[in-house]
Amino acid sequence: MSLGMREALIVLIALVALYMLFVVLRMRHLRRQQVSPPQQEPAPALAAEAGDTDESGPAAPDDEAAPEPDRDDAPLHLGREVLRSGLEQELAQLRDEVDAVRGELAALRADMHHELASLRACQTVSPIYGDAMQLAVSGYDAAAIAERCGIARAEADLVVALAKSQER
């Protein structure tokens, strides 16, 4: 039995789906624990005071209905600060990456303009001098260029000088 790429991909997708299901169930379990904290019994002193004011029986304290602000606000505030600092770090990293990409783009643009200028310079010369320039860039001497292209030796010297100046 041989497994191909298709079967391996299906198995991988199934494993990811099972993992996601596990994470969702775990999150639901944690949320249930967080929503329903264990109820605390009122202190005996509070029960005695409540019994003194109400003859019919012990009164239910109002503190059980309202959550304690100190206990709930601290993790929420801390979570927000952690989230904010994480987002600020990510934003700074993204800005650095954008600056780097802009620098690379500027360098590529400068290279493109340089290549375009040299291309335009090659297009404005006659074909004979274009061939002579290619020979000069290839490393031929002035005598060989003059002989192959049918131009004067002085012109071939000028083409060789231009090719050397462009190399610099």
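This text follows the structure it describes.
Residues numbered from 1 in each chain as written. Predicted model: local features only at pLDDT ≥ 70, side-chain atom pairs only at ≥ 80, totals over all residues. Heavy atoms only, no water.

**Q** Would you mind showing me how to read the packing of helix H4 (residues 127–138) against helix H5 (residues 142–149) here?
**A** How two helices sit against one another is set out by the angle between their axes and by the gap between those axes. For the pair H4 and H5, the least separation of the axes is 10 Å and the interaxial angle reads 150 degrees. Of the two elements, H4 crosses H5, and the hand of that crossing is right-handed. Contact with H4, carried on its side by Ile128, Asp131, Ala132, Leu135 and Ala136, involves Ile145, Arg148 and Cys149 of H5 and no other residues of that element. (Axes fitted to C-alpha atoms, helices over the stretch in contact; angles between N-to-C directions. Helix = DSSP H or I, 4+ residues; strand = E, 2+ residues; numbered from the N terminus. Left-handed = near helix turned anticlockwise from the far one by under 90°. Contact = heavy atoms within 4.5 Å.)

**Q** Sorry if this is basic, but what is going on with the nonpolar core here?
**A** Among the nonpolar cores identified, the biggest contains 13 residues, and Ala132, Ala136, Ile145, Cys149, Ile151 and Ala156 are the most heavily contacted of them. Listing elements by their share of this core, those giving two or more residues are H4, H5 and helix H6 (153–167). Leave out the neighbours within four places in its chain, and Cys149 touches Ile128, Asp131, Ala132 and Leu135. (Core = buried A, V, L, I, M, F, W, Y, C linked by side-chain atoms within 4.5 Å. Buried < 20%, exposed > 50% of the residue type's maximum accessible area, 1.4 Å probe, protein only.)

**Q** Can you walk me through the pattern of salt bridges in this structure?
**A** A side chain with one charge may pair with a side chain of the opposite charge, provided their charged atoms come close. Counted by the stated rule, this structure contains 2 salt bridges. One salt bridge connects Glu81 with Arg84, and the closest N-O pair in it is separated by 3.3 Å. Placement of the pair is Glu81 and Arg84 together in helix H3 (residues 69–123), with a separation of 3 residues, close to one helical turn. Note on Arg84: relative accessible area 48%, which makes it partly exposed. Arg153 is the salt-bridge partner of Asp157, the closest N and O atoms lying 3.8 Å from each other. Of this pair, Asp157 and Arg153 both sit in helix H6, 4 residues apart, roughly one helical turn. (Salt bridge = Lys/Arg side-chain N within 4 Å of Asp/Glu carboxyl O.)

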